[in-house]
Amino acid sequence: MAMRHGGAFLAEHMADEIVERLGWVNRSFADALVLGHAPAVLLAALGSRGVKVTLAGPVGVDHSCEEDALPFAPAAFDLVIAIGTLDSVNDLPGALIQINRALRPDGLMMAAMVGAGSLPRLKAAMLAADEASARGVAAHIHPQIDVRAAGDLLQRARFAMPVADSDTLTVRYSSLPALVRDLRCHGWTNVLTSAAPPVGRAGLIAALQNFAEAAEVDGKTAERFDLIYLSGWAPSPDQPKPAKRGSATASLAGVLGKTKPR
């Protein structure tokens, strides 16, 4: 799927998807924790269901905290939603465990994050910058996981009925700085503890040239974002037992509890 860029559009796209999936869930929620981005469409959907919302995370309003060190009592929420934040957390398995701990029995976690395979044009441009700087290859982007690994982490964090799937977006940019502006708008620029030093003038010129050389006939370069969506339930004694791994035949809508409306 291709889309225009500008503003926190990826977070908004993720929120639209989460809201649609939440609409498949045939149950009510009282207290929700929203980690990371909280686009208006998400807050409106939760408000229409009468859900009390707590905002948290590095960009949170109510609570500023790290996702792998949540300052909430166990079983404080029956719904946790994380948008565009778990992909840069220091300890993703620990963050998922913390989220599970914060859920009441049979509470639901839904998350969206940028996954492995994303930003190939940016990665190529930064590699060109490193080579032009003659200083060796450095890490410029936070490590990313693929959808299979994300599903495995849900199981390790002891979520019941875990589901992990993905969506790919292609966004066309007129220049490398336009892409970087979008990433900054989302808070997705380099957040590594040991960030690489600036690439310098020669590196910057090489990066800009590399990105421009990948442009199509209209002068725009296509960048790819692989988005991963996660869902899982806090364990509860009255939940159905999971089937043997590899034998699943149910749709995501069925797992979430309701057939997707036509």
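Predicted, not measured: the structure shown is a model, and the values here were computed from it.

Caption draft 1: Spotlight on the pattern of salt bridges. In this structure the tally under the stated criterion is eight salt bridges. A salt bridge links Glu 17 to Arg 21; the nearest nitrogen and oxygen atoms lie 2.9 Å apart. In this pair, Glu 17 and Arg 21 are both assigned in helix H1 (residues 9-22), four residues apart and thus about one turn of the helix distant. Summarising the burial analysis for this pair, Glu 17 and Arg 21 share the class buried. Its salt-bridge partner being Arg 104, residue Asp 31 comes within 2.9 Å of it at the nearest N-O pair. Residue Asp 31 is found in strand S2 (residues 31-36), and its partner Arg 104 is found in strand S5 (residues 103-114); the two are separated by 73 residues along the sequence. Using a relative accessible area of 19% as the deciding quantity, one classes Asp 31 as buried.

Caption draft 2: Summary view of the packing of aromatic side chains. This model, assessed by the stated rule, comprises one aromatic pair. The interplanar angle of 85 degrees and the centroid separation of 5.2 Å between the aromatic rings of Phe 72 and Phe 77 together place this pair among those described as edge-to-face. What makes Phe 77 buried here is its relative accessible area of 6%.

Caption draft 3: Layout of the confidence of the model for the protein chain. Chain-level statistics for the protein chain give a pLDDT mean of 84 and a share of 81% at 70 or above. By mean pLDDT, the top-scoring element of the protein chain is strand S4 (residues 77-83) (97), and the lowest-scoring one is strand S1 (residues 2-3) (40). Every residue in residues 258-262 scores below 50 in pLDDT, and together they form nine contacts with partners more than four places removed in sequence or on other chains.

Caption draft 4: Representation of unusual backbone geometry in the model. With phi around 55 degrees, Ala 75 is a residue other than glycine that occupies positive phi space. The topology assignment puts Ala 75 in the loop between strand S3 (52-56) and S4. A positive phi angle is found at Asp 106, which is not glycine, with a value near 70 degrees. Judged by its relative accessible area of 24%, Asp 106 is partly exposed.

Caption draft 5: Just the packing of helix H6 (residues 176-186) against helix H7 (residues 200-213), in detail. Packing of H6 against H7 leaves a shortest axis separation of 9 Å and a crossing angle of 100 degrees. As the angle between them shows, H6 and H7 are arranged roughly perpendicular. Where H6 abuts H7, its residues Leu 176, Pro 177 and Leu 179 lie against Ala 207, Leu 208 and Phe 211. Its residues assigned to classes, the contact of H6 with H7 shows six nonpolar, no polar and no charged.

Caption draft 6: Structural context of the packing of H1 against helix H2 (residues 40-48). Between H1 and H2, the shortest axis-to-axis distance is 8 Å and the interhelical angle comes to 20 degrees. On the basis of the axis angle, H1 is roughly parallel to H2. Pair H1 / H2 crosses with left-handed handedness. Of H2, the residues touching H1 (which contributes Ala 15, Asp 16, Ile 18, Val 19 and Leu 22) are Val 41, Leu 42, Ala 45 and Leu 46. Residues that form the contact of H1 with H2 fall into these classes: eight nonpolar, no polar and one charged.

Caption draft 7: Seen up close, the environment of Ala 150. Tracing the sequence through the fold places Ala 150 in helix H5 (residues 147-156). When its relative accessible area of 1% is taken as the criterion, Ala 150 is described as buried. Residues Ala 150 and Leu 230 lie 80 residues apart in sequence; the distance between their C-alpha atoms is 7.6 Å. If near-sequence neighbours (up to four positions away) are discounted, Ala 150 is found in contact with Ile 145, Ala 164, Ile 228 and Leu 230.

Caption draft 8: Structural detail: the side chain of Glu 17. Judged by its relative accessible area of 18%, Glu 17 falls in the buried class. At 2.9 Å, the side chain of Glu 17 and the side chain of Arg 21 are in polar contact.

Caption draft 9: Inspection of the pairing of S3 at higher detail. In this structure, S2 lies alongside S3, joined through five bridges in parallel fashion. Across the sheet, the residue bridging to Leu 33 is Thr 54, located in S3. In this fold, the crossover linking S2 to S3 by way of H2 has right-handed handedness.

Caption draft 10: Structural view of the nonpolar core. Core analysis: the biggest nonpolar cluster contains 42 residues, and Leu 46, Leu 179 and Phe 225 have the highest contact counts within it. Of the residues forming this core, the biggest block, seven residues, is contributed by H1. The contact partners of Phe 225, leaving out residues within four places of it in the chain, are Leu 10, Ser 118, Leu 119, Asp 167, Thr 168, Leu 169, Val 171, Tyr 173, Leu 179 and Leu 183. Membership of the second largest hydrophobic core comes to 28 residues, among which are Phe 72, Leu 86, Phe 159 and Ile 228.

Definitions and cut-offs
Residues numbered from 1 in each chain as written. Predicted model: local features only at pLDDT ≥ 70, side-chain atom pairs only at ≥ 80, totals over all residues. Heavy atoms only, no water. Salt bridge = Lys/Arg side-chain N within 4 Å of Asp/Glu carboxyl O. Helix = DSSP H or I, 4+ residues; strand = E, 2+ residues; numbered from the N terminus. Buried < 20%, exposed > 50% of the residue type's maximum accessible area, 1.4 Å probe, protein only. Phe/Tyr/Trp six-rings, centres within 6.5 Å; stacked < 30°, edge-to-face > 60°. pLDDT = per-residue confidence, 0-100. Contact = heavy atoms within 4.5 Å. Axes fitted to C-alpha atoms, helices over the stretch in contact; angles between N-to-C directions. Parallel < 35°, antiparallel > 145°, perpendicular 65-115°, else oblique. Nonpolar A, V, L, I, M, F, W, Y, C, P; charged D, E, K, R; others polar. Left-handed = near helix turned anticlockwise from the far one by under 90°. Polar contact = N/O pair within 3.5 Å; in protein donor to acceptor, adjacent residues only side chain to side chain. Pairing = 2+ DSSP bridges. Right-handed = clockwise from strand over helix to strand, strands pointing away. Core = buried A, V, L, I, M, F, W, Y, C linked by side-chain atoms within 4.5 Å.

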